[in-house]
Each structure stands twice: as structure tokens, then as C-alpha cells.
Amino acid sequence: VVTEVGALGRHLALAGFMGAGKTSIGREVARLTERPFVDTDAEVERRFGPIPTLFDERGEEEFRRLEEEVVAEALADDDPAVVALGGGAVTREATRERLSRRAFTVWLDVDVDVAWEHVRESDRPLARDEGSFRRLFAERRPLYEALADGRAGDVDGVLLAALAVAVRRGALGELGGYLPAEGPVALVADETVLPLHPPRWDAAATRLIATHTVPAGEAAKTPAVAERLWRELALDRRGKIVAFGGGCTTDLAGFVAATYLRGVGWIAVPTTLVGQVDAAIGGKTGVDLAEGKNVAGAFHMPERVVVDPDLLATLPERERRQGLAEVVKTGLLAGKPVWELPDEEMVRACAAFKAAVVLSDPFERGRRAILNLGHTFAHALETASGYAVTHGDAVALGLLAAQRLSGQPTDVVEAVLRPRPVRVDRDAAWAALERDKKAVGGRTRLVLLRAPGDPVHGVELPPGDVRAALDELIAP
Ligand SMILES: NC(=O)c1ccc[n+]([C@@H]2O[C@H](COP(=O)([O-])OP(=O)(O)OC[C@H]3O[C@@H](n4cnc5c(N)ncnc54)[C@H](O)[C@@H]3O)[C@@H](O)[C@H]2O)c1
């Protein structure tokens, strides 16, 4: 199901005043999303010489014309890029129009004092005098505000905005404000979570036409529950499904959204750590069959993901551990000790990392596979135990194996997740690993780390080494 969400499949343009950090933030966002980076100021200078000279010798109007040309060329390219726009580029009507057609534009909003500090020593023609700099700042703000599809202040903020993910404490108290502009809404909620955290709809309350509760946990992810929802839902094609619960609820409701009336839009409101850092982001949806987990599913990107870290306050410790395994996985992939952060920052950093990976490869044709770090081993242990071993505990063990096979230290995994070898049948675990859907051409392809923050996917190792690593995770 194809929906237009954020910067998926389109350019990600960064607009904002001089000194907002468009170039440095843009370069980092491009690196993390593996997209080409175009800095329009640098491109103008490369072609036409230094901007101060252009201003002095040919005048601002001529500079704007050349800049418009450069921006138009960058946006005409079909390969989605990150495009950092010169501060005044958006003063041209034609540029604004091209941005609205070809790009998702994030406004890098910065405090005027910070901006002035960044540029006061520079040779920028419009930053020669503080008074006029401040006047221009005030004049331009409404322009950025009117034009932008999202707003951010740092790299993670841009990544989150670019995939329509909002991370904000207290967001549930103003949920109505996060809904897309119009259309009826059906709430699909985990029956345990709903009474604990009733969402507030405010002005959007009249749009909420029904609330459908689903069982807590994996019991929700079945064809039977999906069928019940298909039958109960009374939405038209403009309708939206709001999924409220953990990864099980969002996987189910997202799948129902993908299939009901051949696809309606949906909004994910994850309530578990697993959901907030992983499951609700990226549009993988599905239900389980007796034949295996997630066997029937679809890629269907949520139009919004609303993450309220305050909801984690009621999460049982056991469930928190499940999420912590994904947090450690993310930290190893990103090369950042995100597990040391307080909840809100931890969730924000992990969600932003996942958003970057999804933006680089939405349909898992390549790089998105890095998110499976440790998961090949985890799936084998879960399956061999008949799902008695939880996913988080299995991932913790899987990370241990991945770190060992990568020749990387295992101390963080051990200290934060305290994985304990599990009692499962060794042959059954090995058989499950070999059956794993990531096995291509009869060989298991693993995600390993060359160094923290530097994953490789599709690695083939001798089966003996893989089996030995799996065996180490199993109690004697
Ligand atoms: N789509 C993806 O990309 C993706 C990624 C990772 C995991 N998943 C899927 O996610 C599922 C696991 O999700 P999960 O770990 O969030 O489990 P879950 O949805 O089963 O929730 C776990 C338990 O916590 C309860 N709960 C939820 N929020 C709560 C809160 N705020 N306070 C108190 N209790 C709360 C639920 O009622 C449930 O009993 C698995 O099916 C897995 O396959 C999907």
C-alpha cells in the first residue's frame, strides 16, 4: 500500500535562517539516511564564485535568480536527496512552489541570538549588521512557518519530522491535535491499556466514530481478530485507524488499515518501549499464523506516529526489558550509548535512528536488514522454545552471539540486559535458524558489526561457526 508519508520517496529539504545549522545538520541527516546531500549555497559558489562577491558585483536579485536555478535542478533530480537551502531561497515564489511539489520541507527553527552567534564573524552579505540581521529574521519567520511541512531543531528532530514521528511527553493528552486534518476516526486499542491511559481528543472528539478493543499481547495478532475488525469497522476511504497499544496492537491495526477497503490511513500511538523505539515505526504490519509469526502482513506506513514517553510509567518491568533489548540493539548499530539516557531522550534517539534507516530503505531491499542485528539467533531460540522464551530475552542472547561473531566486546549487552542461556533443544534451534526467512540460497546471512556504529548485513559465515555461536546461548 503506497501512502505519501513525510520525505519517503521525495527530497528532504531543509529551510531556515542563516546560522540555523542547515549545512551541518543536513550533511549528518544525509549520512544517516544514505541519501545524496546538496547544499545549495555551496553549489552556487562552486558554479558562480563566492556569494559575497556575487552580491557585491551582481546584486541580490541576480544572486537569487542563480540560486533559484540551482535549487530547481536539485529538486528535479528523481533520486531523493537531502537539500539544504540557502536562507533566502524560499523568498522566490517558484522555489516555494517546487518545494511543495517535489520535497518534504523541514524548517530548522533556531533562536535569533544563536543564529547571530553562528554568523556574526562570517562574511555573509546579509549578516554584516546585527540590527538588519534581526529585522530580516523576524521578516522571514512567517515565510518558513507557512512553507514547512515539519519543524525541527537538531538532527534527530529532522529525522523524526521526515517520517512524521512526534516524540513528546504528554502527547496523549492532546492526541486530537496530532490527527491528520479531516475524516472519521476509529480507535483500535489494547483492552488493558485503554482504561489506564484514556486518550484526549478535544476538538477531534466528534470525528471519533468507534472504539474497538482488542486483546492484550500476541492474542491480538491473529487473522480472527483482523476479521472481526474488518467486519466491525464502519469507515469510508477517508477514514483513519488510530492504533493504541504495544507492538501487537500496532502490527494488527496497521495490517487491518492496509487491507480494509484496500487500504485506509492509520496513525500509530505506541504504548510500550518496544512500540515506541521500534514496532510502531516503519510500516511493517502483520498477523501471526500457526505456521509462524508475521506470516501474513503488509508494508503500510503510518501517516503519523505519536510517541508519548509518559505512557511507559505503567509498563510492567518485564515488558520494559523487552524494549531495552531493542534499545541496546539500536545503540550498537548507531554507535551511541542510548541505553544510558533518561526515557524521553532514549526513546527519541532510538526512534530517530529507526526513522533514518527506514528513510534509507523503506521496503527492506537492503540496508534496513541491519535492524535484524541479533535477530536470526533470537528467532531460532524463540521458535525452538515454542515461544516460551520472550522476544526481548531472545534478542539479548542474539546480540551476545552477534557481538561475539563480530569480534566486538559483549560487556554492554551483559551489563544492561543480563542475558541467561536458555534451555531449548539444540537441534530444534539449529533447524529453526536454518529455516529462518533471512536464509537465502541455503546460507544464513547475518548482520554483524565492524565497529560500534558500523554494521554490515548479508554476511555469510561457515555454518560451523554460526552453530557454535548458537550453542553458546543454550544452557547445558
Ligand atoms: N512491526 C515491526 O516493525 C515490529 C518490530 C518489533 C516488534 N514487533 C512486534 O511487536 C510485538 C511485541 O510488541 P510489544 O512488546 O509492544 O508487546 P504487546 O503489544 O504485546 O504489549 C505487551 C504487554 O504490555 C501491555 N501494555 C502495553 N502498553 C502498556 C502500558 N503503557 N502500561 C501497561 N501495560 C501496557 C499490553 O497490554 C501487553 O500485555 C510482537 O508481535 C512483535 O512481532 C513488530
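Just above, that's the structure.
Computed from a predicted structure; not experimentally measured. Every chain begins its residue count from 1, and numbering advances along the sequence as written. For this predicted model, a pLDDT threshold of at least 70 governs which residues receive local features, and a threshold of 80 or more governs which side-chain atom pairs are given and counted, while totals over whole chains, interfaces and linings are taken from all residues. Side-chain numbers here rest on the full set of heavy atoms in the structure, without hydrogens or water.

(A) Structural context of the pairing of strand β12 (residues 292-299). We treat two strands as partners when DSSP finds at least two bridges between them. For helices the rule is a DSSP run of H or I covering at least 4 residues; for strands it is a run of E covering at least 2, with both sets numbered from the N terminus onward. Note that strand β11 (residues 284-289) and β12 share 5 bridges and pair antiparallel. Along β12, the bridge assignment pairs Thr-285 with Ala-298. Taking the residues between adjacent antiparallel strands as the criterion, β11 and β12 are bridged by 2 residues.

(B) Layout of the pattern of salt bridges. The working definition used for a salt bridge is a side-chain nitrogen of Lys or Arg within 4 Å of a carboxyl oxygen of Asp or Glu. For the coordinates displayed, the defined rule picks out 47 salt bridges. One salt bridge in this structure joins Glu-43 and Arg-46, with 2.7 Å as the shortest N-O distance. Of this pair, Glu-43 and Arg-46 both sit in helix α2 (residues 40-48), 3 residues apart, which is roughly one turn of that helix. Buried residues are those whose accessible area, probed at 1.4 Å on protein chains only, stays under 20% of the maximum for their type, while exposed residues exceed 50% and partly exposed ones sit between those limits. When its relative accessible area of 17% is taken as the criterion, Glu-43 is described as buried. Since its relative accessible area comes to 61%, Arg-46 is described here as exposed. Residues joined by salt bridges that share partners form a network here, namely Glu-218, Lys-221, Asp-251, Asp-288 and Lys-293.

(C) Geometry of unusual backbone geometry. You will see that Ala-164, though not glycine, has its phi angle at about 60°, which is positive. Assignment of secondary structure puts Ala-164 in the loop between α7 (155-162) and β6 (165-167). The backbone of Asn-294 shows a phi angle near 55°, a positive value even though the residue is not glycine. Of note, Asn-294 is situated in strand β12.

(D) Here's a closer look at the site of the ligand. The immediate surroundings of the ligand are formed by 27 residues, with Asp-190, Gly-247, Thr-271, Thr-272 and Thr-314 found nearest. Take Cys-248: an N or O atom from its main chain is 3.0 Å from an oxygen atom of the ligand. A 3.5 Å cut-off defines polar contacts: any pair of N or O atoms within that distance qualifies, except that in protein one atom must be a possible hydrogen donor and the other a possible acceptor, and neighbouring residues in sequence count only when both atoms are side-chain atoms. Interatomic distance of 2.5 Å between a side-chain N/O atom of Thr-272 and an oxygen atom of the ligand. Among the elements of the structure, α8 (193-196), α10 (247-259), α11 (273-279) and β12 are those that each provide at least two residues to the shell around the ligand. Residues are grouped as follows: Ala, Val, Leu, Ile, Met, Phe, Trp, Tyr, Cys and Pro are nonpolar; Asp, Glu, Lys and Arg are charged; all remaining types, including Gly, are polar. Of the residues belonging to the shell around the ligand, the class tally is 9 nonpolar, 9 polar and 9 charged. Residues are labelled near a given molecule or strand when at least one of their non-hydrogen atoms is within 4 Å of it.

(E) Examining the sheet that holds strand β2 (residues 37-39) more closely. As summarised here, the arrangement of the 5 strands in space is β2-β3-β1-β4-β5, forming an open sheet in which the pairing is parallel. Strands with a single pairing partner mark the edges of an open sheet, and in this sheet they are β2 and β5 (150-152). Pairs of neighbouring strands in the sheet enclose a mean axial angle of 25°, with direction left out of account. Relative to strand β3 (residues 82-84), β2 runs parallel, the two sharing 3 bridges. Fitted lines through C-alpha atoms give the axes, limited to the stretch in contact for helices. The angle between two N-to-C directions lies from 0 to 180 degrees.

(F) The packing of aromatic side chains, seen in detail. Only Phe, Tyr and Trp rings are paired, with Trp represented by its six-membered ring, and only when their centres lie within 6.5 Å; those with planes under 30 degrees apart are stacked, over 60 edge-to-face, the remainder tilted. If you walk through the whole model with that rule in mind, you get 7 aromatic pairs. Taking 5.0 Å as the distance between ring centres and 55° as the angle between the ring planes, the aromatic pair formed by Trp-116 and Phe-133 counts as tilted. Of this pair, Trp-116 sits in helix α5 (residues 112-119) while Phe-133 is found in helix α6 (residues 130-147), placing the two residues 17 residues apart along the sequence. Taking relative accessible area as the criterion, Phe-133 reaches 0% and is therefore assigned buried.

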